[in-house]
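These are the residues of each chain, in order.
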Protein chains: 2
Amino acid sequence: MRLAELSERSGVSTATIKYYLREGLLPPGERITATQSEYGEDHLRRLRLVRALIQVGRVPVATAREVLGAVDDTALDMDERLGIAVGSLPHQTPEDPDDPNVSAARETVEGLLGELGWPSDRSYPAGESLVTAVATLRRLDYPCDVASLLPYGRLAAELAVSDLDMIAAIGTPVTQLEAAVALTVLYEPVLLSLRRMAHAEESRRRYSTTGDGDPDVPAEPADG
Amino acid sequence: MRLAELSERSGVSTATIKYYLREGLLPPGERITATQSEYGEDHLRRLRLVRALIQVGRVPVATAREVLGAVDDTALDMDERLGIAVGSLPHQTPEDPDDPNVSAARETVEGLLGELGWPSDRSYPAGESLVTAVATLRRLDYPCDVASLLPYGRLAAELAVSDLDMIAAIGTPVTQLEAAVALTVLYEPVLLSLRRMAHAEESRRRYSTTGDGDPDVPAEPADG
DNA sequence: CCCGCTCGGAGAGTGTCACTATCCAAGCAT
DNA sequence: ATGCTTGGATAGTGACACTCTCCGAGCGGG
């Protein structure tokens with residue numbers, strides 16, 4: 001198909017597609033004549049993935065290029081490509097390592113890994129983001145010790161089982177890599193939305209928000 | 001304290017603090033003379049919260065103003081303030097409601113709420129974000145039916161219990177509101193980081209990424 | 001062959017956002 | 001008194017994700 005059709009089928013303007021082509025987010029089409037190119041179903045799929053990463057996953061364009069570059073890099077084996085791809089996904093901006101909150105946060109994270117039985121010698125690309133988040137919580141005097149974080153870690157471990165099951169159920173190895181990236185990124189808003197909805201629901205359950213009850217005196221939680 | 005000291009103690013430049021004051025993210029200090037103002041510990045705490053929301057929580061400045069405005073609005077009761085505050089937190093940009101993927105996603109979400117026992121007559125502010133995310137997954141032909149989402153919903157419900165326990169443990173009602181906002185936002189990166197780390201860990205456990213074993217044949221997990 | 005059209009490519013421009021730099025007048029400190 | 005700091009206002013910056021405009025090359029009907 002021509003660029004115009006690719007645009008129509010994807011709902012992305014031709015100008016934006018050209019921009020993605022320029023930025024290397026989308027491989028160039030097959031040149032039909034000196035001035036025209038042909039795009040296939042693969043391009044359409046990739047374009048939709050790019051859109052999803054950028055719009056829903058809020059992945060910056062430059063990052064998306066890195067991630068997709070790793071996915072496509074046939075010189076590496078699957079494990080490496082997956083590692084590079086998900087490792088390139090957006091992270092928290094790291095903080096001043098001299099801040100005592102940061103080093104305390106780092107220790108907390110170490111301790112958490114220990115409790116979870118995850119090897120702390122292994123460097124997790126997401127680990128720094130976690131350190132930043134914990135340091136921020138600490139700075140605000142909110143609970144963020146190992147005991148507070150542990151339930152989140154355990155739930156994350158359960159999530160990972162669901163996630164990898166889902167990815168394993170995807171067809172070919174090539175699309176499995178794409179699936180790993182897509183599901184890592186696209187289930188994040190799912191998870192966060194569900195958490196917020198669950199907050200509302202749990203809050204309603206505890207405090208009967210819907211009209212009765214005294215909001216100034218939070219009721220004793222029904223069950224600790 | 002003066003603006004300069006507020007800056008020093010928070011690590012935020014005076015220019016940025018002035019910007020926040022202008023934008024209404026920070027209440028003005030108490031005017032000491034015609035040209036000088038005094039800031040207290042509350043300002044410092046609020047400033048740190050603002051920084052955390054913006055930098056770690058990636059909340060846009062305008063949104064942070066809305067959220068904090070609701071937190072501070074003493075004309076409303078706690079429930080309303082909390083609802084408005086967390087409801088104002090960033091959401092996915094909504095999509096074309098005519099897209100069949102979106103309506104299908106909406107049905108999936110309805111079904112999910114049913115399975116979870118959450119009242120679907122209640123409008124969850126995060127619901128639209130969830131619809132957008134599910135529609136995107138659907139567009140890419142990735143699994144996003146009720147059965148796939150259910151485990152995430154159940155885990156979110158568990159998270160909510162932890163979260164509300166934590167918030168309930170915070171002192172006064174006023175700071176409890178701030179805490180609700182802060183913990184909602186700041187535990188999001190914690191959760192996402194942990195999920196990514198858990199992916200790495202579960203993947204290692206399944207496929208023995210670290211050199212030995214055949215990646216095509218998942219190894220039996222050593223220990224659940 | 002001609003002529004209007006579309007196509008793909010490239011560079012510059014746009015709008016938004018979160019600051020940040022510059023000015024300025026009014027004090028406070030010495 | 002005077003130099004320096006303070007707080008307020010205005011304009012500028014850099015990053016980002018597009019989006020606009022232009023261009024020459026073709027393709028297709030007459």
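What you are looking at is a predicted structure, and each value in this text was computed from that prediction instead of being measured.

## Thoughts on the relation of the copies chain A and chain B
Rotating chain A by 180 degrees about the axis while translating it 0.0 Å along that axis superimposes it on chain B, leaving an RMSD of 0.1 Å. Expressed as a symmetry operation, the mapping of one chain copy onto the other fits a two-fold axis. Looking at the rotation axis and the C-alpha trace of chain A, the residue lying nearest is A:L155, at 3.4 Å. Both copies present the same face, since 94% of the interface residues in chain A are matched by interface residues at the equivalent positions in chain B.

## Overview of the domain arrangement of chain A
Often, the extent of an interface is quoted as the loss of accessible area upon association of its parts. Per the domain assignment, the segments of chain A are domain 1 (3-88) and domain 2 (91-160). Computed over C-alpha atoms only, the centres of domain 1 of chain A and domain 2 of chain A are separated by 33 Å.

## Things to note about unusual backbone geometry
All names here are of chain A. Even without a glycine there, the phi angle at R58 is positive, about 55 degrees. A positive phi angle is found at D141, which is not glycine, with a value near 65 degrees. Note on placement: D141 falls in the loop between α7 (127-139) and α8 (146-168). Residue D141 is classed as partly exposed on the basis of its 13 C-beta neighbours within 10 Å.

## A few points about the protein's contact with DNA strand C
Neighbouring DNA strand C are 22 residues, the closest being A:L3, B:T33, B:A34, B:P60 and B:V61. Counting only elements with at least two residues in the surface near DNA strand C, the list comes to α1 (3-10) and α2 (14-22) of chain A together with α2 (14-23) and α4 (61-72) of chain B. Taken together, the residues of the surface near DNA strand C sort by class into 11 nonpolar, eight polar and three charged.

## Regarding the protein's contact with DNA strand D
Every one of the 20 residues lining DNA strand D counts as a neighbour, but A:T33, A:A34, A:V61, B:L3 and B:A4 are closest to it. Within the residue set of the surface near DNA strand D, elements represented by two or more residues are α2 and α4 (61-72) of chain A together with α1 (3-10) and α2 of chain B. Looking at the surface near DNA strand D, the element that brings in the most residues is α2(A), giving three residues. Classifying every residue of the surface near DNA strand D gives 11 nonpolar, seven polar and two charged.

Cut-off values and rules
- Residues numbered from 1 in each chain as written.
- Chains lettered and ligands numbered in written order.
- Predicted model: local features only at pLDDT ≥ 70, side-chain atom pairs only at ≥ 80, totals over all residues.
- Least-squares fit on C-alpha atoms with pLDDT ≥ 70 in both.
- Contact = placed C-beta atoms within 7 Å.
- Domains from an automatic or database assignment.
- Helix = DSSP H or I, 4+ residues; strand = E, 2+ residues; numbered from the N terminus.
- Buried ≥ 20, exposed ≤ 12 C-beta atoms within 10 Å, placed from the backbone.
- Near = placed C-beta within 6 Å.
- Nonpolar A, V, L, I, M, F, W, Y, C, P; charged D, E, K, R; others polar.

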